[in-house]
Amino acid sequence: MSDKSEQQRLSVFKTYKLYVGGKFPRSESGRVYEVTDSKGKWLANAPQSSRKDARDAVVAARKAFGGWAGATAYNRGQVLYRVAEMLEGRRAQFVHEVADAEGLSKSKAAEQVEATIDRWVWYAGWTDKIAQVVGGGNPVAGPYFNLSSPEPTGVVAVLAPQESSFLGLVSVLAPVIATGNTAVVVASERSPLPALSLGEVLATSDVPGGVVNVLSGRTAEIAAPLASHQDVNAIDLAGADEVLAKELEIAAADNLKRVLRPQPVDDWTAAPGIDRLTAFLETKTVWHPTGSLGASGSAY
């Protein structure tokens, strides 16, 4: 009897939703689009975000920016390491999703997921170290301290790579938030499911709502309002083709956004360096008089 009932059981299909402001809304437009695997097999209906969804995500990111940027770098590192712990706990789920999304064997997908978790840990470790690399005291001709320190740029729109649905996504997202920025992520158009599942991990970790917002849908449709949005401070064009990147770069110039142009990546598992950490940092320099001590005029 039990065998028969098991055979008749219907699976519960997962409903994927956006991740905006720490919540899981459906697209404001009510639209969805079919996501298929490498062989054309249906996997899920993903939300097709609208311009309104993009604007809502920017509002959420701006609201979260002050608290996230104001947190200590050490605390941000702890929070991001917690995300890595959660990813490790859901490793099997992501292996399955990445295998379907990218047409990989389970073993190859497992390698991608493990590299992704390691990449997240790597960036989590940089939160309280990057200031020592790109900041410091500057020699000046005068009785002054001249100190430079990095500060986050603000709200960053991130177009996730199209071909690497999870490792590429984390490789462009993690450095943005590790340095204190907040992000609006446009997931891979063809393979958005790992990105939407990452939103579930972020929601159940210690990352404040709004620090990361994940949108799925047509990349060009979502990216256009983000590039022209006056409250977006920077944009990473990793997931844009040459034609779209040019259009978005022109739109981004209206409020002098920082723009990181698409850079071909042959192997996302290669050591990333710190270029993406410094791409969305501003340098603040402070001058302070040192004063003089004693008759000799020596300064401290």
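The structure we're discussing is the one just above.
The rules behind the values
- Residues numbered from 1 in each chain as written.
- Predicted model: local features only at pLDDT ≥ 70, side-chain atom pairs only at ≥ 80, totals over all residues.
- Heavy atoms only, no water.
- Helix = DSSP H or I, 4+ residues; strand = E, 2+ residues; numbered from the N terminus.
- Buried < 20%, exposed > 50% of the residue type's maximum accessible area, 1.4 Å probe, protein only.
- Contact = heavy atoms within 4.5 Å.
- Areas by Shrake-Rupley, 256 points an atom, 1.4 Å probe, with all protein chains shown as cover.
- Lys, Arg positive; Asp, Glu negative; His and termini not counted.
- Charge placed at Lys NZ, Arg CZ, Asp CG, Glu CD.
- Pairing = 2+ DSSP bridges.
- Right-handed = clockwise from strand over helix to strand, strands pointing away.
- Salt bridge = Lys/Arg side-chain N within 4 Å of Asp/Glu carboxyl O.
- Axes fitted to C-alpha atoms, helices over the stretch in contact; angles between N-to-C directions.
- Parallel < 35°, antiparallel > 145°, perpendicular 65-115°, else oblique.
- Left-handed = near helix turned anticlockwise from the far one by under 90°.
- Nonpolar A, V, L, I, M, F, W, Y, C, P; charged D, E, K, R; others polar.

Undergrad: For this particular structure, what's the right way to read the overall build of the chain?
TA: On a plain count of helices and strands, the chain comes out with eleven helices and ten strands. With the principal axes as the frame, the chain shows a C-alpha extent of 100 × 40 × 35 Å. Taking all 300 residues of the chain together, 46% fall into the buried category. Considering only intrachain contacts with a sequence separation of at least 6, the fraction spanning at least 24 residues in the chain is 75%. Carbon and sulfur atoms make up 53% of the accessible area of the chain, which totals about 14600 Å². Averaging the coordinates of the 30 positive side-chain charges in the chain and doing the same for the 33 negative ones gives two points 5 Å apart.

Undergrad: I keep staring at the pairing of strand E6 (residues 182–186) and nothing clicks. Help me out?
TA: Along a regular strand, successive side chains alternate from one face of the sheet to the other. The buried fraction of E6 amounts to five of the five residues, a majority that puts the element mostly inside the structure. Of the two faces of E6, the one carrying Thr182, Val184 and Val186 and the one carrying Ala183 and Val185 are both buried. Two strands pair when backbone bridges link them, and strand E5 (residues 155–159) and E6 are joined in this way by five bridges, in the parallel orientation. What sits directly across from Ala157, in E6, is Val184. The β-α-β motif built from E5, the intervening helix H7 (residues 167–178) and the parallel element E6 has right-handed crossover chirality. Crossover E6 to strand E7 (residues 212–215) through helix H8 (residues 193–203) is right-handed.

Undergrad: Help me understand the pattern of salt bridges in this model?
TA: When their charged atoms lie close together, side chains carrying opposite charge are able to pair. This structure, assessed with the given rule, holds 13 salt bridges. When the shortest N-O distance is used, the salt bridge between Glu85 and Arg82 registers 3.0 Å. Residue Glu85 and its partner Arg82 are located together in helix H3 (residues 73–89), separated by three residues, close to a single helical turn. Under the relative-accessibility criterion, Glu85 is labelled partly exposed at 38%.

Undergrad: Is there a simple way to explain the packing of helix H9 (residues 219–228) against helix H10 (residues 242–252) in this structure?
TA: Any two packed helices are characterised by the angle at which their axes cross and by the distance between the axes. The N-to-C vectors of H9 and H10 enclose an angle of 20°; their axes lie 8 Å apart at closest approach. The orientation of H9 with respect to H10, classified from their angle, is roughly parallel. Note on packing geometry: the crossing formed by H9 with H10 is right-handed. Contacts from Thr219, Ala220, Ala223, Ala224, Ala227 and Ser228 in H9 reach Leu244, Leu248, Ala251 and Ala252 in H10. Residue composition of the contact of H9 with H10, by class: eight nonpolar, two polar and no charged.

Undergrad: Teacher, can you tell me more about the sheet that holds strand E4 (residues 144–152) here?
TA: Pairing between the strands of a sheet is mediated by backbone hydrogen bonds and can be parallel or antiparallel. Sheet architecture is open: three strands sit in the order E3-E4-E10, paired in antiparallel fashion. Of all the strands in the sheet, the pair left with one neighbour each is strand E3 (136–137) and strand E10 (281–289). By the bridge criterion, nine bridges tie E4 to E10 in an arrangement that is antiparallel. Paired with Tyr144 across the bridge in E10 is Pro289.

Undergrad: Sorry if this is basic, but what is going on with H8 here?
TA: Each turn of an α-helix holds 3.6 residues, which means side chains three or four residues apart point in the same direction. Along H8, ten of the eleven residues are buried, which leaves the element largely enclosed by surrounding structure. Of all the positions in H8, only Leu193, Pro194, Ala195, Leu196, Ser197, Leu198, Gly199, Glu200, Val201 and Leu202 are classed as buried.

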